Amino acid sequence: MINQLSLNEYQKGLADEKLLGIHCKKCNQFSFHSSVVCKHCGSTELETKNFEAAGTIKTYTVIRVASDGFEAPFVVALVKTDSRIHVMGNLDIDPDSVGMELIGKRVSISSKKVNPDPYAKEVTHTLKFVLE
Amino acid sequence: MREVAIAGVSMTDFGVSENTCVEMFCEAGIDALNKSKIEPKNIEALFVGNCLGDFEEGQSHIASHIHAALGLPMDSPAMRYENACATATIAVRQAALMVGAGVYDVVLAGGTERVAAMDTPLATRTFAMASNAGYSAPTGITFPGVFAMAAHMYADKYGIEIEELQKYMANVSVKNHYHASMNPKAQFQKEITVDKVLNSVMVADPLHFLDCCPFSDGASAVVIGTKQKVMEMTDKPVYIIGTGQAAGGPIINNPDMTRIKTREASVAQAYKEAGVKPSDIDLCELHDCFTIAEILAIECLGFYEFGKGYDAAQKGETRLGSKKTVINPSGGLKAKGHPIGATGAAQVTEIVEQLRGESGKRQVEGAKTGLVDTLGGEFGTVCNLILRSE
């Protein structure tokens, strides 16, 4: 039986402040939604599980020229969670106050609504990071 | 596999075009055929790269329309390829593999793109579509943003002050503009300075506007055939001696952004097949969509150790006239321009002309072996080709 965490289920989870990932019963590592195999060991013995809502910033940027549907400036960061899965999201901070010292800082992880696609009917959520 | 070679190559001027994607491809295509002394009726298949024609001109299914406009025979099939910015390289590689496998003896491959037909909000939105729509796009990440995050990670990992890395990156832009100043097909045929880069507006920290390649229109096409066929078309055949391609999904699948694992996997295949090593490569056209991208590429391709490539442009080692591998003698994506669906074929065109000694003022003296490197998406596709003149 293949356990596939769909994008829809992942998004519904974010709306309820739940951070869902695909957890491998064999190697104990996380993969992201829509994968049908563990990206670390290839196993299909997967379950949907919450990953830790905290982690460490690995890198970041301040977007100053934004795509349709977003208002610049804002910070995008790559975070390694305490569950060892990497996630991308927005750091909730004044974009003009940040620098390289962000890398290595601890953050808590929650979610927020965004509207990246003006043609989409469904509400989309992304991850929100707050410095601890 | 049979030996595969390239006959005629061609590209349009890169910049802003009033011609359609079909018309631009035909301009390059018919020129490549004429240079190969072959008529359209003798082309056995057409391999077209095109990313965004659906949005640019409301034109999908473009390969069939190019086929008709070029007057190719009805029993020659026409295919469209799309792999983000690596699109045309994949079209060329697929064409070469089909010829090598014995399916066809002589084919036409290349790419075409007309980004300037879109207004800026539509262009930004369609470019962002190459990142993972469900996971990456909702963060508001842009492609400058992806490479900006890689630059910050690079500076942190190797202990380089970010202001210093910005100067090193600016030197990549200065070098590529210098090369493009000698390229009559380039979008920007003028030199710039480090100060000008550092004083241009910030697009995504730490990347300035002049660290970024432009939106461009253009097309490029190449005639590919068996060694025997190509010997009949030109006295300067250029052989495709090795190819590679790899796939990797979104950034979160490959979180060490200083190591583009797809590139390392792809180029390893190409080096192995060709039986050459990085030090055998005289010149390389690589994917400098942003200045940091060139620094990451010269390390992943094996020209520099990891963490040691950042000052190569500043020291002049990658510049025309250097004894080391010359990087992006055409001016690269940064200054020659980057019509995304055509870029790979234009890289092939530059390498082929260089290996034939036809590059005029920007000729790399004595060049015999060249490498093409093209990357697509958030590092999710890389394709490499190794070309040799003998």
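Only a predicted model underlies this, so the values are computations on that prediction, with no experimental measurement involved.

1. Things to note about the overall build of chain B
Counting its regular elements, chain B contains 13 helices and 12 strands. A compact globule built from 390 residues should have a C-alpha radius of gyration of about 21 Å, and chain B, at 19 Å, falls within 12% of that. Over its C-alpha atoms, taken along the principal directions, chain B stretches across nearly 60 × 45 × 40 Å. Relative to its 390 residues, chain B shows a buried fraction of 64%.

2. Focus: the interface of chain A and chain B
Contacts between the two partners involve 30 residues from chain A and, on the opposite side, 30 residues from chain B. Mapped by element, the contributors of at least two residues to the side of chain A that touches chain B are β4 (54-63), β5 (74-81), β6 (86-91) and β8 (124-131) of chain A. Counting residues per element, the side of chain A that touches chain B draws most heavily on β4 of chain A, at six residues. Residue composition of the side of chain A that touches chain B, by class: 17 nonpolar, nine polar and four charged.

3. Concerning the domain arrangement of chain A
Residues and elements named next belong to chain A. For chain A, the assigned domains read domain 1 (1-51) and domain 2 (52-132). Between domain 1 and domain 2, the C-alpha centre-to-centre distance is 21 Å. With 10 residues of domain 1 at the interface, the matching set in domain 2 holds 11 residues. Here the side of domain 1 that touches domain 2 gets three residues from one element, more than from any other, and that element is helix α1 (residues 7-15). Residues belonging to the side of domain 1 that touches domain 2 are distributed by class as follows: six nonpolar, three polar and one charged.

4. Quick word on helix α6 (residues 143-158) of chain B
Since one α-helical turn is 3.6 residues long, residues separated by three or four positions face the same way. All names here are of chain B. The first and last C-alpha atoms of α6 sit 23 Å apart over 16 residues, in line with the 22 Å expected at 1.5 Å per residue. A large share of α6 lies buried, amounting to 13 of its 16 residues. Positive phi shows up at Gly-159, right after α6, with a value of about 65°.

5. Brief notes about the domain arrangement of chain B
Residues and elements named next belong to chain B. Taken as a whole, chain B is organised into domain 1 (4-120 + 216-239) and domain 2 (144-212 + 240-388). On a C-alpha basis, the centres of domain 1 and domain 2 stand 23 Å from each other. Domain 1 puts 39 residues into the contact, and the matching count from domain 2 is 37 residues. Listed by contribution, the elements that provide at least two residues to the side of domain 1 that touches domain 2 are β1 (4-11), α4 (87-100), β4 (106-114), β7 (217-226) and β8 (238-247). It is α4 that contributes the most residues to the side of domain 1 that touches domain 2, seven residues altogether. The residue makeup of the side of domain 1 that touches domain 2, split by class, is 21 nonpolar, 13 polar and five charged.

6. Details of the sheet that holds strand β1 (residues 20-24) of chain A
All names here are of chain A. The strand order across the open sheet formed by three strands is β2-β1-β3, and the pairing between neighbours is antiparallel. The sheet is open, and its two edges are formed by β2 (30-31) and β3 (46-50), each paired on a single side. Here five bridges tie β1 to β3, and the two strands are oriented antiparallel to one another. Within β3, the position partnered with Ile-22 by the bridge is Thr-48.

7. Quick word on the nonpolar core
When a protein is soluble and globular, its nonpolar side chains tend to lie buried together. Residues and elements named next belong to chain B. Core analysis: the largest hydrophobic core is formed by 166 residues, its most contacted members being Ile-6, Leu-46, Val-107, Val-222 and Val-223. Considering each element in turn, this core owes the most residues, 10 residues, to α6. Leave out the neighbours within four places in its chain, and Val-222 touches Ile-6, Val-9, Ala-32, Val-92, Ala-109, Gly-110, Ala-345, Val-348 and Thr-349. Listed in part, the five residues of the second largest apolar core include Phe-14, Ala-180, Ala-186 and Phe-188.

8. Focus: the confidence of the model for chain B
Scored by pLDDT, chain B comes out at a mean of 97, with 100% of its residues at no less than 70. Reported confidences for the modelled complex are a pTM of 0.97 and an ipTM of 0.96.

9. Focus on the sheet that holds β1 of chain B
Residue and element names in this part refer to chain B. Here we have 10 strands laid out as an open sheet, ordered β3-β2-β4-β7-β1-β8-β12-β11-β9-β10, and mixed in their pairing. In the strand order of this sheet, the two ends are held by β3 (78-81) and β10 (326-327), each with one partner. In terms of strand pairing, strand β2 (residues 46-49) meets β4 through four bridges, oriented parallel. The partner of Gly-49 across the bridge, within β4, is Gly-111.

10. Topic: unusual backbone geometry
Keep in mind that most residues, glycine aside, have a negative phi and that most peptide bonds are trans. Here the bond from Ala-72 of chain A into Pro-73 of chain A is cis, since omega is -5°, no more than 30 degrees from zero. In this structure, Pro-73 of chain A sits in the loop between β4 and β5. In the segment running from Asp-205 of chain B into Pro-206 of chain B, the intervening peptide bond is cis, with an omega of 5°. Mapping Pro-206 of chain B onto the fold places it in the loop between β5 (202-204) and β6 (207-208). With a phi close to 65°, Glu-17 of chain A is a non-glycine residue in the positive phi region. Mapped onto the elements, Glu-17 of chain A comes out in the loop between α1 and β1.

11. With respect to helix α11 (residues 291-300) of chain B
Residue and element names in this part refer to chain B. For α11, the buried fraction is high: 10 of the 10 residues fall into the buried class. Against the buried residues of α11 lie α6, α7 (162-180), α10 (261-274), β10 and β11 (369-376). Within two residues after α11, Gly-302 carries a phi angle of roughly 95°, on the positive side.

12. Section: the packing of α4 of chain B against helix α13 (residues 343-355) of chain B
Residue and element names in this part refer to chain B. Their axes nearest at 5 Å, the elements α4 and α13 cross at an angle of 65°. Here α4 lies roughly perpendicular to α13, going by the angle between them. Note on element contacts: α13 touches α4 through Thr-343, Gly-344, Ala-345 and Val-348, opposite Thr-87, Ala-88, Thr-89 and Val-92. Across the contact of α4 with α13, the residue classes break down as four nonpolar, four polar and no charged.

13. Describing the confidence of the model for chain A
Averaged over chain A, the pLDDT score is 92; the fraction of residues at 70 or greater is 93%. Highest mean pLDDT in chain A belongs to β4 of chain A (98); lowest belongs to β2 of chain A (90).

14. Structural notes on the environment of Ala-270 of chain B
Residue and element names in this part refer to chain B. Take Ala-270: it is sitting in helix α10. Sequence-wise, Ala-270 and His-152 are 118 residues apart; in three dimensions their C-alpha atoms are separated by 30 Å. Setting aside its immediate chain neighbours within four residues, Ala-270 contacts Gly-242, Thr-243, Gly-244, Asn-384, Leu-385 and Ile-386.

What counts, and where the lines are drawn
- Residues numbered from 1 in each chain as written.
- Chains lettered and ligands numbered in written order.
- Predicted model: local features only at pLDDT ≥ 70, side-chain atom pairs only at ≥ 80, totals over all residues.
- Helix = DSSP H or I, 4+ residues; strand = E, 2+ residues; numbered from the N terminus.
- Rg over C-alpha atoms; globule rule 2.2 N^0.38 Å.
- Buried ≥ 20, exposed ≤ 12 C-beta atoms within 10 Å, placed from the backbone.
- Contact = placed C-beta atoms within 7 Å.
- Nonpolar A, V, L, I, M, F, W, Y, C, P; charged D, E, K, R; others polar.
- Domains from an automatic or database assignment.
- Expected span 1.5 Å × (residues − 1).
- Pairing = 2+ DSSP bridges.
- Core = buried A, V, L, I, M, F, W, Y, C linked by C-beta atoms within 7 Å.
- pLDDT = per-residue confidence, 0-100.
- Axes fitted to C-alpha atoms, helices over the stretch in contact; angles between N-to-C directions.
- Parallel < 35°, antiparallel > 145°, perpendicular 65-115°, else oblique.

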